[in-house]
Protein chains: 2
Amino acid sequence: MARPNRQVLLREIPTGKLEQSHFDVRDGECGDPGDGEVLVKTRLLSIDAANRAWMQGATYRSALSGGDVMAGGGLAEVIESRADTLAPGDIVNAETGWQEYAVVPARQATKIDVKGALTNYLSVLGVTGLTAYLGLTEIGQPKPGETLLVSAAAGATGNVAGQVGRLLGCRVVGVVGSDDKGRILTERLGFDAYVNYKGGNLHKDLKAACPDGIDVFFDNTGGDILGAALFRMNQHGRIVCCGVVSQYDTSNPEPGPRGVPGLLITKRIRMEGFIVFDLFNRRDEALERLSGWVDRGDLVVLEDVFEGLDSAPHALVDLLAGGNVGKRMVRVS
Amino acid sequence: MARPNRQVLLREIPTGKLEQSHFDVRDGECGDPGDGEVLVKTRLLSIDAANRAWMQGATYRSALSGGDVMAGGGLAEVIESRADTLAPGDIVNAETGWQEYAVVPARQATKIDVKGALTNYLSVLGVTGLTAYLGLTEIGQPKPGETLLVSAAAGATGNVAGQVGRLLGCRVVGVVGSDDKGRILTERLGFDAYVNYKGGNLHKDLKAACPDGIDVFFDNTGGDILGAALFRMNQHGRIVCCGVVSQYDTSNPEPGPRGVPGLLITKRIRMEGFIVFDLFNRRDEALERLSGWVDRGDLVVLEDVFEGLDSAPHALVDLLAGGNVGKRMVRVS
């Protein structure tokens, strides 16, 4: 039985900045699940800079093509199951695409044991929170008293990375694109300082905010911010390469920072990229610590929810322009 | 008693390429050692790209100034000692500067127990050999069967890094600036293949020489070669940042490679700089393995000796132009 299904399509691959006009919204259909599949109803879509990166070519997943249902995922409710492992009513993490209903293989749908707000399972207890905790601890290895710099620090991953650094005893400095965001960090999330990279004095402001240099840099942006941070890194510093949001929304990425590899050598810096799934052997530990901190009120949950599937294109375009504060998502149902 | 002392001075800090005209040779004098000092006679000067890097500003040592005796060091013989630890006739590793005689603090002169050719203690059993062995094993962590790429592979450090990789079971590919150098690698040193980066098809040639990708890149050059190698790195690859010879001979270094940090993330690459002295806790192990390989003929010693102190400026300028094959040094006495 074909079921009416609201869908957002990627009309064409953008060559420059992504705009809402690159998307189409249509009333489509959804088929029935086959053996081993489930029919799910999308509840919350995760909106991430990675959605844009997928349009640039193969990353850790295959590239998107124009005309496809926009790739993405989030939390969904099982409506009909043809697999033993899942039953109607289960909440799963799945790649639904940007649509109301989807048929997905049961083994690609991870059941979530929801204990609190559903949104938390896309933010601090979801991939972004795990990325922050596992990337920071595994690659960054911060020690109490060290200075941790976080870029895109008001973003979904950055705000958690900074707060985890604070809870592990670091002095934490966030790089953001506005003073409003900066004040959220220092006034609500316990960051020690912030730098507004649009302030026109990135090098000077970074020096003022990090008088003892930078020991760990949790980098979500790359580009000029990475370039400036390299000059402030301390010897034996570590750079956690988590994202390159400065370079996603273009088809002509900038050259890399001048300090690579020269400053890596003179300062003995380790710079390392990771994908959170590689670190999932420590997933349970991470969730236990994160949920403990949330339950005790030590870790502030910062979420940014848009309402309705049709708002998804705007939610992504605006995120790429730096509009989000915390984890952005779209409530579909 | 002032002693006649031939000296090479750095006349001025170069703003572009280093030339012989940036140096002056003069007949100067050398004073007497004070308490805790030794008077040494320079035997062999080590000629390294790092000599040029010191002119660019503070690195792991302070920057040079115009008018100074050119900084550098190598192996020297103690002539007169005012320290308990050293006696006339001892051979030491010391920072003599580019001159026939020098007075140096005894605690900065490391006594060498010479067992074979003196030159070996600047090449495979000296800092360059240790840099190759320790950097490759500690940072690169090569596994048998993996592909190791080495840049400046006919150079002092590169040729040893490649041979060590071969002895550890890797498939080894060298990047060089001429086919003559490449043939030395494959015909004399046991490299599996080479790429001439001046051949005009760096990306294509690298792909052909590394059909299974690159697992470990021991990088002495940075710049375009690093940029090209990043695209061929395998997942979880490691880049040993050992030198940036492509950027030393200029006062206007190029931007960094475009793949940083994007490719570090999608490929989960670790990129790490080091200074060999940080790894000296493993110095004895390194020397034991290196000298064992040399004694058994498994590791070919590649040396490139200029005669006479006055040849030092030419030896350095020519090294920066890629003229050396193996470890370049100047025999002073």
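It should be noted that the structure appears before, not after, this text.
Not measured: the values here are computed from a predicted model.

How each quantity is defined
Residues numbered from 1 in each chain as written. Chains lettered and ligands numbered in written order. Predicted model: local features only at pLDDT ≥ 70, side-chain atom pairs only at ≥ 80, totals over all residues. Heavy atoms only, no water. Pairing = 2+ DSSP bridges. Helix = DSSP H or I, 4+ residues; strand = E, 2+ residues; numbered from the N terminus. Axes fitted to C-alpha atoms, helices over the stretch in contact; angles between N-to-C directions. Contact = heavy atoms within 4.5 Å. Least-squares fit on C-alpha atoms with pLDDT ≥ 70 in both. Phe/Tyr/Trp six-rings, centres within 6.5 Å; stacked < 30°, edge-to-face > 60°. Buried < 20%, exposed > 50% of the residue type's maximum accessible area, 1.4 Å probe, protein only. Lys NZ or Arg CZ within 6 Å of the ring centre and 35° of its normal. Buried area = accessible area lost by both parts, 1.4 Å probe. Salt bridge = Lys/Arg side-chain N within 4 Å of Asp/Glu carboxyl O. Arc of directions from axis to C-beta. 1 Å grid on protein atoms, 1.4 Å probe; cavity = no way out; pocket = protein on both sides within 12 Å on 5 of 7 lines; lining within 4 Å. Points joined across faces, edges and corners; volume = space filled by probe spheres on them. Nonpolar A, V, L, I, M, F, W, Y, C, P; charged D, E, K, R; others polar. Parallel < 35°, antiparallel > 145°, perpendicular 65-115°, else oblique. Left-handed = near helix turned anticlockwise from the far one by under 90°.

**Q** In this structure, what is going on with the sheet that holds strand S11 (residues 214–219) of chain A? I would like to understand it.
**A** Sheets are built from strands that pair by backbone hydrogen bonding, the pairs being arranged parallel or antiparallel. Strand order in the open sheet formed by 12 strands is S10(A)-S9(A)-S8(A)-S11(A)-S12(A)-S13(A)-S13(B)-S12(B)-S11(B)-S8(B)-S9(B)-S10(B), and the pairing between neighbours is mixed. Each edge of the open sheet carries a strand with a single partner, namely strand S10 (193–196) of chain A together with strand S10 (193–196) of chain B. Taken over all neighbouring pairs, the strand axes of this sheet differ in orientation by 15° on average, direction set aside. Note that strand S9 (residues 171–176) of chain B and S10 of chain B share 4 bridges and pair parallel. By the bridge assignment for S10 of chain B, Val173 of chain B is matched with Ala193 of chain B. Where helix H3 (residues 156–167) of chain B meets the sheet, its contacts fall on strand S8 (147–151), S9 and strand S11 (214–219) of chain B, and the angle it forms with S8 of chain B comes to roughly 170°.

**Q** Help me understand the relation of the copies chain A and chain B, please; the structure alone is not making it clear to me.
**A** One copy of the chain maps onto the other through a rotation about an axis followed by a shift along the same axis. Expressed as a screw operation, the relation of chain A to chain B combines 0.0 Å of axial shift with a rotation of 180°, fitting to an RMSD of 0.0 Å. Both copies of the chain, as the preceding transformation shows, are related through a two-fold rotation axis. In terms of proximity to the rotation axis, the leading residue of chain A is Gly256 of chain A, whose C-alpha is 2.1 Å off the axis. Taken together, the interface assignments show that 100% of the residues at the interface of chain A recur at the interface of chain B, consistent with an identical surface on both copies.

**Q** Could you clarify how one ought to interpret the packing of aromatic side chains in this entry?
**A** Aromatic ring pairs are described here by two measures, namely the spacing of the ring centres and the angle between the planes. Residue and element names in this part refer to chain B. One pass over the structure, following the stated rule, counts 6 aromatic pairs over all chains. On the basis of an interplanar angle of 20° and a centroid distance of 5.5 Å, the ring pair of Phe23 and Trp98 is categorised as stacked. Of this pair, Phe23 sits in strand S2 (residues 23–30) while Trp98 is found in the loop between strand S5 (91–94) and strand S6 (101–105), placing the two residues 75 residues apart along the sequence. Of the residues examined, Trp98 reaches a relative accessible area of 0% and is grouped as buried. Sitting above the plane of the Tyr101 ring, Arg3 keeps its charged end 5.1 Å from the centroid. When the ring centre of Phe280 is taken as origin, the NZ or CZ atom of Arg283, which lies over that ring, is 5.4 Å away.

**Q** Sorry if this is basic, but what is going on with the interface of chain A and chain B here?
**A** Interface size is often expressed as the accessible area that is lost when the parts come together. Contact residues are listed per partner, giving 32 residues for chain A and 32 residues for chain B. Taking both partners together, chain A and chain B bury about 2500 Å²; carbon and sulfur atoms supply 66% of that area. Among the residues chain A hides against chain B, the three largest losses belong to Arg258, Ile265 and Arg268 of chain A. Together they make up 23% of the total. As a salt-bridge pair, Arg268 of chain A and Asp278 of chain B come within 2.6 Å of each other at their nearest N and O atoms. Contributions of two or more residues to the side of chain A that touches chain B are made by strand S12 (233–241), helix H8 (262–266) and strand S13 (270–273) of chain A.

**Q** What is the right way to read helix H10 (residues 312–320) of chain B from this model?
**A** Along an α-helix, residues three or four positions apart point the same way, because every turn accommodates 3.6 residues. Residue and element names in this part refer to chain B. When H10 is considered as a whole, its buried residues turn out to be Ala312, Pro313, Ala315, Leu316, Leu319 and Leu320. Projected down its long axis, H10 carries its buried residues within an arc of 165°, all on one side. Here the buried face of H10 lies against strand S1 (3–10), S2, helix H1 (49–53), strand S14 (303–307) and strand S15 (327–331). Directly after H10, the chain includes Gly322, whose backbone phi takes a positive value near 85°.

**Q** Got a minute to help me understand empty space enclosed by the protein in this structure?
**A** One simple way to see leftover space: roll a probe sized like a water molecule over the atoms. Counted according to the given criterion, the structure contains 2 cavities of 30 Å³ or more. Considering only enclosed or pocket space, the largest cavity measures out at about 40 Å³ in volume. Among the elements that line the lining of the largest cavity, the one with the most residues is H3 of chain B, at 3 residues. Split into classes, the residues belonging to the lining of the largest cavity amount to 7 nonpolar, 2 polar and 1 charged. In this model, the second largest cavity occupies a volume close to 40 Å³. Together, Ser123, Val124, Ala156, Asn159, Val160, Leu299, Val300, Val301, Leu302 and Lys327 of chain A line the second largest cavity. Here the element with the most residues in the lining of the second largest cavity is helix H3 (residues 156–167) of chain A; it accounts for 3 residues. Here the lining of the second largest cavity is composed, by residue class, of 7 nonpolar, 2 polar and 1 charged.

**Q** What should I look at first to understand the packing of helix H5 (residues 202–209) of chain A against helix H6 (residues 223–232) of chain A in this one?
**A** The description of two helices packed together rests on the angle between their axes and the distance between the axes. All names here are of chain A. Packing of H5 against H6 brings their axes to within 10 Å, and their N-to-C directions diverge by 50°. Here H5 lies oblique to H6, going by the angle between them. The two elements H5 and H6 meet at a crossing, and its hand is right-handed. Contacts between H5 and H6 involve Leu202, His203, Leu206 and Lys207 from the former and Asp224, Ile225, Ala228, Ala229, Phe231 and Arg232 from the latter. Of the residues belonging to the contact of H5 with H6, the class tally is 6 nonpolar, 1 polar and 3 charged.

Nothing here speaks to function; it is geometry throughout.
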